[in-house]
Number of protein chains: 2
Amino acid sequence: MKFSKKSEYGLRALLELCETYGGRVLQRHEIAERQNIPVEFLEQILLALKRAGLLASRRGIRGGYSLIKSPEEITLGQVIRILDGPLAPISCVSKTAYQKCADCPYAAKPSCPLQQAMGEVRDAIANILDHYTLSRFAHTQLAEGS
Amino acid sequence: MKFSKKSEYGLRALLELCETYGGRVLQRHEIAERQNIPVEFLEQILLALKRAGLLASRRGIRGGYSLIKSPEEITLGQVIRILDGPLAPISCVSKTAYQKCADCPYAAKPSCPLQQAMGEVRDAIANILDHYTLSRFAHTQLAEGS
DNA sequence: CAGTTGTCTAGTGAGTTGCTCAAGATTTAG
DNA sequence: CTAAATCTTGAGCAACTCACTAGACAACTG
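From a predicted model like this one, the values you see are computed outputs, not experimental measurements.

Concerning the protein's contact with DNA strand C
Lining the immediate environment of DNA strand C, one finds 24 residues, of which Q44 of chain A together with E43, K50, S57 and Y65 of chain B sit closest. Counting only atoms of DNA strand C within 4 Å of the protein, the fraction found in sugar and phosphate groups is 69%. Between DNA strand C and the protein, one listed contact pairs a phosphate oxygen with a backbone N or O atom of K5 of chain A at 3.2 Å. Taking Q44 of chain A, its side chain carries an N or O atom lying 2.7 Å from a base oxygen of DNA strand C. Listed by contribution, the elements that provide at least two residues to the surface near DNA strand C are α1 (5-19) and α3 (39-51) of chain A together with α3 (39-51), β1 (55-58) and β2 (64-67) of chain B. It is α3 of chain B that provides the largest number of residues to the surface near DNA strand C, a total of four residues. Considering only residue class, the surface near DNA strand C consists of seven nonpolar, eight polar and nine charged.

Written as structure tokens, this is what we have:
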């Protein structure tokens, strides 16, 4: 029940790209250094985000990456799904990647306890992450003291 | 962001054990056949649940496993933590297995965006699973039609 | 004691994760 | 035009995890 490093790095990279949104481009090594991410691995992540339409890139000596969608329009759920796949804890409750369980004896029956419980979990996770925008993410201030 | 087969099998096995709670013991092959689980793998799961104090077992020709805690007292959260480890999506927000992130540049700072967001997710998951009892789980009837 | 069951430890093949490397394409500076 | 800096692509790889298997052993029953 963990998120991968890929998602974590991806979100941290987007934090940097949010800061220069609308302004200059950022090069992979800039992001990598500031966020302490292995540069070649980061690149794969940036390319995936580019293919998904969140980032633009330019090659050559003045090249780099930049955000092309507003941080208001991007949610953490989108980013995690791009980098980590579906949010659902088991695939028989995924809305974006549903798959019938092969071996579950309840698959044929009208009600599956696992599906019920995991469905609730899926909805709770999606409900948070699909409403959590990058701009809110980037402006986080912890409310609690100590 | 997936649960393992171990948790899934464990929960399905507990479904069977709930039915005979207070009555007779169940042998591994009975559970395995009914729930379509490889019997040797199931055994490891049952042993883990036994070590955690949920199950009792008896060896010998009349042996088998039985639930020793009431299905009302056992939550899905407990079971999943036994079989799959902590619920938290990243370890810096785990309450049962906290670990400081080594490479995160926000680890030292007062606020970490990732920690904030993932903390919400953790709480939502825990909130559902730690209040979902086995007895409710075993008596699931899907409410929705179609 | 013999047979049936659970207990324990170790191993294993396939797949995933996290990361590295090398060769190529594109852009800009000079 | 050339060279340097950047992104692009794809392959490779060590370590780990997952799902499962095997086998020796302990305990219980009749």
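Now that the structure has been shown, the text picks up again.
Re the domain arrangement of chain A
Residue and element names in this part refer to chain A. By domain assignment, chain A separates into domain 1 (5-67) and domain 2 (76-138). One C-alpha centre belongs to domain 1, the other to domain 2; they are set 27 Å apart. Counting from both sides, the interface comprises 12 residues of domain 1 and, opposite them, 10 residues of domain 2. Counting the surface lost from both domain 1 and domain 2, the interface buries some 1000 Å², and carbon and sulfur atoms represent 86% of this. For the domain 1 face of the interface with domain 2, the top three residues by lost area are S7, L11 and L15, together amounting to 46%. On the surface where domain 1 and domain 2 come into contact, there are zero salt bridges. Inspection of the domain 1/domain 2 interface yields one residue pair in polar contact (both at pLDDT 80 or more). Within the residue set of the side of domain 1 that touches domain 2, elements represented by two or more residues are α1 and α3. For the side of domain 1 that touches domain 2, the element with the highest residue contribution is α1, accounting for seven residues. Each residue belonging to the side of domain 1 that touches domain 2 can be placed in one class, and the counts come to nine nonpolar, two polar and one charged.

Side note on the relation of the copies chain A and chain B
With an RMSD of 0.0 Å, the operation that places chain A on chain B is a rotation of 180° combined with a shift of 0.0 Å along the axis. Classification of the inter-copy transformation places it as that of a two-fold axis. Measuring from the rotation axis to each C-alpha of chain A, the shortest distance belongs to M1 of chain A, at 2.4 Å. Interface overlap between copies: 100% of the residues of chain A at the interface are likewise at the interface in chain B, consistent with a symmetric, same-surface contact.

Let's talk about the nonpolar core
By size, the foremost hydrophobic cluster in this structure holds 96 residues, and its most contacted members are L129 of chain A together with L129 of chain B. What L129 of chain B contacts, discounting residues up to four positions off in sequence, is M118 and V121 of chain A together with F3, T75, L76, G77, I80 and L87 of chain B.

Focus on the environment of K2 of chain A
Note that K2 of chain A resides in the segment before α1. A relative accessible area of 46% means that K2 of chain A is categorised as partly exposed. Not counting the four nearest positions on each side in its chain, K2 of chain A is found in contact with M1, A88, P89 and S91 of chain B.

A look at the protein's contact with DNA strand D
In the region of DNA strand D, 25 residues are neighbours, and R28, E43, K50 and S57 of chain A together with Q44 of chain B sit closest. The sugar-phosphate backbone supplies 70% of the atoms of DNA strand D found within 4 Å of the protein. K50 of chain A places a side-chain nitrogen or oxygen 2.6 Å from a phosphate oxygen of DNA strand D. R59 of chain B is positioned with one of its side-chain polar atoms (N or O) 3.2 Å from a base nitrogen of DNA strand D. The set of elements that each furnish at least two residues to the surface near DNA strand D consists of α3, β1 (55-58) and β2 (64-67) of chain A together with α1 (5-19) and α3 of chain B. Residue contributions to the surface near DNA strand D peak at four residues, all from α3 of chain A.

Scoring rules and cut-offs
- Residues numbered from 1 in each chain as written.
- Chains lettered and ligands numbered in written order.
- Predicted model: local features only at pLDDT ≥ 70, side-chain atom pairs only at ≥ 80, totals over all residues.
- Heavy atoms only, no water.
- Near = heavy atom within 4 Å.
- Polar contact = N/O pair within 3.5 Å; in protein donor to acceptor, adjacent residues only side chain to side chain.
- Helix = DSSP H or I, 4+ residues; strand = E, 2+ residues; numbered from the N terminus.
- Nonpolar A, V, L, I, M, F, W, Y, C, P; charged D, E, K, R; others polar.
- Domains from an automatic or database assignment.
- Contact = heavy atoms within 4.5 Å.
- Buried area = accessible area lost by both parts, 1.4 Å probe.
- Salt bridge = Lys/Arg side-chain N within 4 Å of Asp/Glu carboxyl O.
- Least-squares fit on C-alpha atoms with pLDDT ≥ 70 in both.
- Core = buried A, V, L, I, M, F, W, Y, C linked by side-chain atoms within 4.5 Å.
- Buried < 20%, exposed > 50% of the residue type's maximum accessible area, 1.4 Å probe, protein only.

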